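Geometric and topological summary
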Amino acid sequence: MDQGNLVATDIRTGRKTTLLTKDKFQVPVSNRQLDVVDFAFTPDSSQLLIFTNTARVWRYNTRGDYYLIDRKTGQQRQLGAGSGASALPAQSLMYAKFSPDGKKVAYVSEHNLYAEDVATGQRTQLTTDGTRKRINGTFDWAYEEEFDCRDGFRWSPDSKRIAYWQVDATKIRDYLMLNTTDSIYSYVIPVEYPKVGESPSPARIGIVAATGGATNWLTIPGDPQQHYLVRMEWFPTTDAVIVQQLNRKQNESKLFICNPSNGSANLIATETDKAWIDGKDRWSPSGPAGWEWLNGGKAFVWVSEKDGWRHIYRVSADGKQEVLLTPGSYDIASINHIDEATNQIYFIASPQNTNQRYLYRTRLDGKGKAERVTPAGLAGTHGYTISPNGRLAMHTFTNYQTLPAREWISLPDHKPVNEAESIAARSKPVAKPNVSFFKVTTDDGITLDGWMAKPTDFDSTKKYPVVFHVYGEPASSTVNDVFSVGMNNLFAGDMAKAGYVYVALDNRGTPNLKGAAWRKAIYRQIGRINVRDQAMGAKKLFSQHAYLDTSRVAVWGWSGGGSTTLHLLFQYPDIYKTGISIAAVGNQLFYDNIYQERYMGLPQENREDFVAGSPITYAKNLKGNLLYIHGTGDDNVHYSNAEVLINELVKHNKQFQVMPYPNRTHSISEGPGTSQHLRTLYTNYLLQHCPPGPR
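Small disclaimer: the values here were computed from a predicted structure and weren't measured. (Residues numbered from 1 in each chain as written. Predicted model: local features only at pLDDT ≥ 70, side-chain atom pairs only at ≥ 80, totals over all residues. Heavy atoms only, no water.)

**Focus on the sheet that holds strand β33 (residues 415–416)**
The line we're drawing: One bridge is not enough; two strands pair if DSSP finds at least two bridges between them. The secondary structure listing takes helices from DSSP runs of H or I that are at least 4 residues long and strands from runs of E that are at least 2 residues long, numbered from the N terminus.
Across the sheet, four strands lie side by side as β30-β31-β32-β33; this open sheet has antiparallel pairing. The open sheet terminates on both sides in strands that have one partner only, identified here as β30 (381–386) and β33. Examined bridge by bridge, β30 and strand β31 (residues 392–399) share six bridges and lie antiparallel to one another. Paired with histidine 382 across the two strands is phenylalanine 397, which belongs to β31.

**Quick word on unusual backbone geometry**
Working note: non-glycine residues mostly have negative phi, and peptide bonds are mostly trans. Rules: When accessible area is computed with a 1.4 Å probe and restricted to protein chains, residues below 20% of their type maximum are described as buried, those above 50% as exposed, and intermediate ones as partly exposed.
The omega torsion across leucine 411 and proline 412 is 10°, close enough to zero to call that bond cis. A positive phi angle, near 50°, is found at glutamate 110, a position not held by glycine. Within the fold, glutamate 110 resides in the loop between β8 (104–109) and β9 (112–117). Owing to a relative accessible area of 51%, glutamate 110 belongs among the exposed residues under this scheme. The backbone of asparagine 295 shows a phi angle near 50°, a positive value even though the residue is not glycine. As for its placement among the helices and strands, asparagine 295 is situated in the loop between β22 (293–294) and β23 (299–304).

**Digging into the pairing of strand β38 (residues 548–558)**
For β38, the buried fraction is high: eight of the eleven residues fall into the buried class. Note: strand β36 (residues 464–469) against β38, five bridges, orientation parallel. Residue pairing in the sheet places valine 467 in a bridge with alanine 554 of β38. Examined bridge by bridge, β38 and strand β39 (residues 578–582) share five bridges and lie parallel to one another.

**Things to note about the environment of leucine 325**
Put simply, the rule reads: Residue contacts follow a heavy-atom distance rule, with two residues in contact if any of their heavy atoms lie within 4.5 Å.
Relative to the helices and strands, leucine 325 is located in the loop between β25 (322–324) and β26 (332–339). Assessed through its relative accessible area of 1%, leucine 325 is described here as buried. Between the C-alpha atoms of leucine 325 and glycine 671, which are 346 residues apart in sequence, the distance is 50 Å. Leave out the neighbours within four places in its chain, and leucine 325 touches Ile312, Tyr313, Arg314, Ile345, Thr362, Arg363, Leu364, Asp365 and Gly366.

**So, the UniProt feature "domain: Dipeptidylpeptidase IV N-terminal" (unreviewed entry) in the protein chain**
Quick reminder of the rule: UniProt positions are given in the numbering used here, feature names are shortened, and annotations may be inferred rather than shown by experiment.
Per the UniProt annotation, the sites labelled "domain: Dipeptidylpeptidase IV N-terminal" (unreviewed entry) are residues 43–401. Note that residues 43–401 is 2% helix and 46% strand, and that its end C-alpha atoms are spaced 43 Å apart.

**Examining the sheet that holds β26**
Reading across from one edge, β26-β27-β28-β29 is the order of the four strands in this open sheet, with antiparallel pairing throughout. Among the strands making up the open sheet, the edge pair consists of β26 and β29 (371–372). Note that β26 and strand β27 (residues 344–349) share six bridges and pair antiparallel. From the neighbouring strand, isoleucine 338 faces β27, where its bridge partner is isoleucine 345.

**Describing helix α6 (residues 560–571)**
For clarity, the threshold we go by: The span you would expect from a helix comes to 1.5 Å times its residue count less one.
In a regular helix each residue adds 1.5 Å, so twelve residues correspond to 16 Å; α6 covers 16 Å between its end C-alpha atoms and thus fits that length. Burial analysis of α6 places eleven of its twelve residues in the buried class, which makes it a mostly covered element. Along α6, the residues classified as buried are Gly560, Gly561, Gly562, Ser563, Thr564, Thr565, Leu566, His567, Leu568, Leu569 and Phe570. Elements that come into contact with the buried residues of α6 comprise α5 (529–544), β38, β39, β40 (625–631) and α9 (640–651).

**Topic: the nonpolar core**
For the record, the criterion: The nonpolar core is taken to be a set of buried Ala, Val, Leu, Ile, Met, Phe, Trp, Tyr and Cys residues, with the residues joined through side-chain atoms within 4.5 Å.
Tyr143, Phe147, Leu218, Val241 and Val243 are the most contacted members of the largest nonpolar core, which totals 47 residues. Counting residues per element, the ones that place at least two in this core are α1 (141–147), β13 (161–168), β14 (174–179), β16 (203–209), β18 (227–234), β19 (241–247), β20 (252–258) and α7 (593–600). Top element by residues in this core is β18. It accounts for five residues. Counting residues in hydrophobic clusters, the runner-up holds 42 residues, among them Val466, Val470, Leu622 and Leu626.

**Re the packing of α5 against α6**
The criterion, for reference: Only C-alpha atoms enter the line fits that serve as axes; for helices the fit covers just the stretch in contact. Angles between N-to-C directions range over 0 to 180 degrees. Should an angle fall under 35 degrees it is taken as roughly parallel, and over 145 as roughly antiparallel, whereas 65 to 115 is taken as roughly perpendicular and any remaining angle as oblique. Each crossing gets its handedness from the near helix: less than a right angle anticlockwise from the far helix is left-handed, clockwise is right-handed. Gly falls in the polar group here, along with every residue not listed as nonpolar (Ala, Val, Leu, Ile, Met, Phe, Trp, Tyr, Cys, Pro) or charged (Asp, Glu, Lys, Arg).
Where α5 meets α6, the closest approach of the two axes is 10 Å, and the angle between their N-to-C directions is 65°. With respect to α6, the axis of α5 lies roughly perpendicular. Both α5 and α6 take part in a crossing whose hand is right-handed. Along its contact with α5, which presents Asn530, Val531, Gln534 and Ala535, the element α6 presents Thr564, His567, Leu568 and Gln571. Of the residues contributing to the contact of α5 with α6, the split by class is three nonpolar, five polar and no charged.

**Structural notes on α5**
Taking 1.5 Å of rise per residue, 16 residues should cover 22 Å, and α5 covers 22 Å from first to last C-alpha, within 8% of that figure. Where α5 is concerned, the buried positions are Ile529, Asn530, Val531, Asp533, Gln534, Ala535, Met536, Gly537, Ala538, Leu541 and Phe542. Those residues of α5 that are buried are in contact with β34 (435–441), β35 (447–453), β36, β37 (501–506), β38 and α6.

**Topic: the pattern of salt bridges**
One side chain can pair with another of opposite charge once the charged atoms of both are near each other. Worth spelling out the cut-off: Whenever Lys or Arg places a side-chain nitrogen within 4 Å of a carboxyl oxygen from Asp or Glu, that contact is recorded as a salt bridge.
For the structure shown, the criterion picks out 39 salt bridges. Its salt-bridge partner being aspartate 278, residue arginine 282 comes within 3.9 Å of it at the nearest N-O pair. For arginine 282, a relative accessible area of 26% gives the class partly exposed. Salt-bridge contacts for arginine 391 lead to aspartate 339; the nearest nitrogen and oxygen are separated by 3.1 Å. Of this pair, arginine 391 sits in the loop between β30 and β31 while aspartate 339 is found in strand β26, placing the two residues 52 residues apart along the sequence. Residue classification places arginine 391 among the partly exposed positions, given a relative accessible area of 33%. Of the residues examined, aspartate 339 reaches a relative accessible area of 5% and is grouped as buried. One network of salt bridges, in which partners are shared, links Asp273, Glu305, Arg310, Asp331, Arg519 and Lys520.

**Section: the pairing of β23**
The buried fraction of β23 is high, at six of six residues. Residue alternation in β23 divides its side chains into two sets, Ala299, Val301 and Val303 and Phe300, Trp302 and Ser304, and both sets are buried. In this structure, β22 lies alongside β23, joined through two bridges in antiparallel fashion. Counted as the bridge partner of leucine 294 is alanine 299 from β23. Connecting the antiparallel pair β22 and β23 is a turn made up of four residues, with asparagine 295 showing a positive phi of about 50°. Here β23 pairs with strand β24 (residues 311–316) via six bridges, running antiparallel. Among the inter-strand pairings, phenylalanine 300 is bridged to a residue of β24, identified as valine 315. Connecting the antiparallel pair β23 and β24 is a turn made up of six residues, with glycine 308 showing a positive phi of about 100°.

**As for empty space enclosed by the protein**
Rule in force here: Only protein atoms enter the 1 Å grid, on which a cavity is a set of points fitting a 1.4 Å probe that cannot get out and a pocket is an open set with protein on both sides within 12 Å along at least 5 of 7 lines, lining residues being those with an atom within 4 Å of a point. Grid points are joined across faces, edges and corners, and a volume is the space filled by probe spheres set on the points.
Inspection of every chain in the model, using the stated rule, returns three cavities of 30 Å³ or more. Of the volumes computed, that of the largest cavity is approximately 160 Å³. As for the largest cavity, its lining consists of 16 residues, and the residues nearest its centre are Ile277, Asp278, Trp283, Val303 and Ser304. Here the lining of the largest cavity takes three residues from β23, the largest share from any one element. The class makeup of the residues in the lining of the largest cavity is five nonpolar, three polar and eight charged. Of the volumes computed, that of the second largest cavity is approximately 50 Å³. The residue inventory of the lining of the second largest cavity, partitioned by class, reads four nonpolar, two polar and three charged.

The structure is reproduced here in C-alpha cells:
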C-alpha cells in the first residue's frame, strides 16, 4: 500500500503502477476506509480479496472481515454479508481464500466452513455441526500453539472439493480463566486445554463438495485419541490427498495417501526416533501448510533427522525411493525455494558457525554439492524471501554490530538490484567493543556457545556483577548473531553503562544447528540437563574471569526461560543470588500435552521425570532473591503455575516478591502502562538486589 493506494512496484526499475486507488477501499454506507491487513488476487487478477478489521485468536489476529473488490468496476462486497439473521457475525471470518479457478472463496466462521460464489455472492454452508469444541476448518488451542496449525482447509486443484480438519475437543476439559476486572462481577473464560497426561483432541479429515452435501471422512488407521494429524495436502494433479500422522509421543511419523472418494488410506512411509520428530513448523518459514511437490506430484521434498542431522530428501510419491540432497555433518535451518526449472533447491544453513545463517543451494537430483549463495563479507544472520520464479529475493541481514537491513537481490548471482540501496552501501556497523562471542567447555565436557557484554569503561582489575539471560528449552535459543545481542529490553537504561556484565549461554536441548544429538539430549531431562549445563557453564566462566563478582550473580528469563531461572535459583542457590522469573511453568504437569509430552514422554510411563523437572520440586532450596511475575489471563502458561509455586514457597517460609498482572496474557503487554510498569519493576528489583558497578 502506498498512501492508501494498492501499488505494484517493479523491483528492478522502481516504477510504480497503481492497481487500485484508495477510494475503492472506502465502504460506501459508512464512508469508512478499509484498513488493509492482507490481500490476495484471483488467478486472472480481476478480483481482490481484502482482510480487515482483525481480532486476535489466542496469539494471532486471524479473525476479521473480508471484502471482495472487482478491479474493473470497483464494486465492493463484504463476504458473509446478508440481511438480518442471514448475515454472519462481524469480525468472525477466518482464512478466506480463493479456489484455484478464482470462482469461489471458502472461509471459516464460528467453527463452520463456508463457500461463497464470487460472481453472485451465493453462500453455501458446508458444515453445520461447529461449536466451540467441535471445530471445522481450523484448530484448537493446542494444535495452534504447538504445531503452528491454523488454516485448516485445502481447496482441491479442480476447485470442486475442500479437504478440512475437524477437531473434536468435546472431551477436553476446560481451563477456567477468571476475569475479575472488566465488570463488577467476575466471569469465567473457558479454554479447551489438554494438560499433560490427557488424551489429545481427536482430529479427522473430511472431503466435502464446494456446492455442499455430506462429508466423506478419510479412514486413517489408529486411535484418534492417541495420534495427531499435523499436515495434509492435495496432490497437484492426481485425485488423492497426502496426510502426515504423528503418534501421541511424537516419535513415530507416518505418511498416508488417501482416496477422497472412498476414504481409504495407504501407508507409504514410516519414520521413528528415540526422542521426538519435529514437524514442518520447525524448518519452514511459512509454517506447516503446503507440500513441496516435484515433477507434478510424482515426488516431493522431505526433511528428516534420521541420520543425525536435519537433512533434505527427495522422495517418490509412493515412498519407495528417496535421495539425500544435503549430505554432510551439518543441519539445514529451512527450505526457502524450489526451482525445478534449474534443478535447484535453496535452503538456509551454517555449517561453520551455528549461530549464523546463510543461503545455500544444491541440485534436486542429489548429484550436486551444497553451494553457498550468500557472498562472503557479511558475516551474520541472513534471511531470504524468494520470488516464485526464483529470480528475485528480498534479502535481510543482521549481526551483533549491524541493525536489521534489507535489499532486493537477483538470483542466482546474489547481486543487488539497486547498488545505491544495497545493504553493503547503506549499512554501517555499530561499534560494540564490549560484546563478544565465546565457547566454554564445562567440567562435564560439554562445550557451550555464549555471548558476553562487558560494562562501558571496563576495568579487568575490578569485579562486576553478572546477569545471565536464559531460555534453555527446545523452543528457542539465545545465542544468535543478531543485533539484539547484549541488549536487555526489560532494563530501563543501558546495562553496560550501569556497570553489569550481561551473559547468555545455550545449553544442550536448545534448537541450535549442532545435530540431532545436541538438540535431543534434553529428552525427558527438561529441568535437569539444561539447568546443569547453565550452572556448570557459569562456574567455568567464574574460574576463567576474575572480574566476575560471584557475590552478585543474577539470572532472568521468560516462559521456558522463567522456568530455567527458577531451577537455577533453587538447584544452584550458591551460584545464583537473584532471579527474575516471568510467566514460568512451575509444574510440568500443568502444561499442555503436545509440547510437554513431545520432550518428556507420557507421565503415565515416566511421571518421575516430570516431577524431577519441575521447579516446585526444588522450591524449598531458595536462598536468594526471587521476583516472580505472571499474567493472570495467561492462556498459555496458566496462572495456576504461579499459585502452586507460591504455595510451595510459603510452605517452606521462603520470602520472595510476586507481581500478578490482572488479565494479561503470556506477553504481559495488554493495557495502558503495562510495558513501562514491567520494565520499571524489573529494573528496580535488579538494581536493588544485584547492585551494578565495579568494586
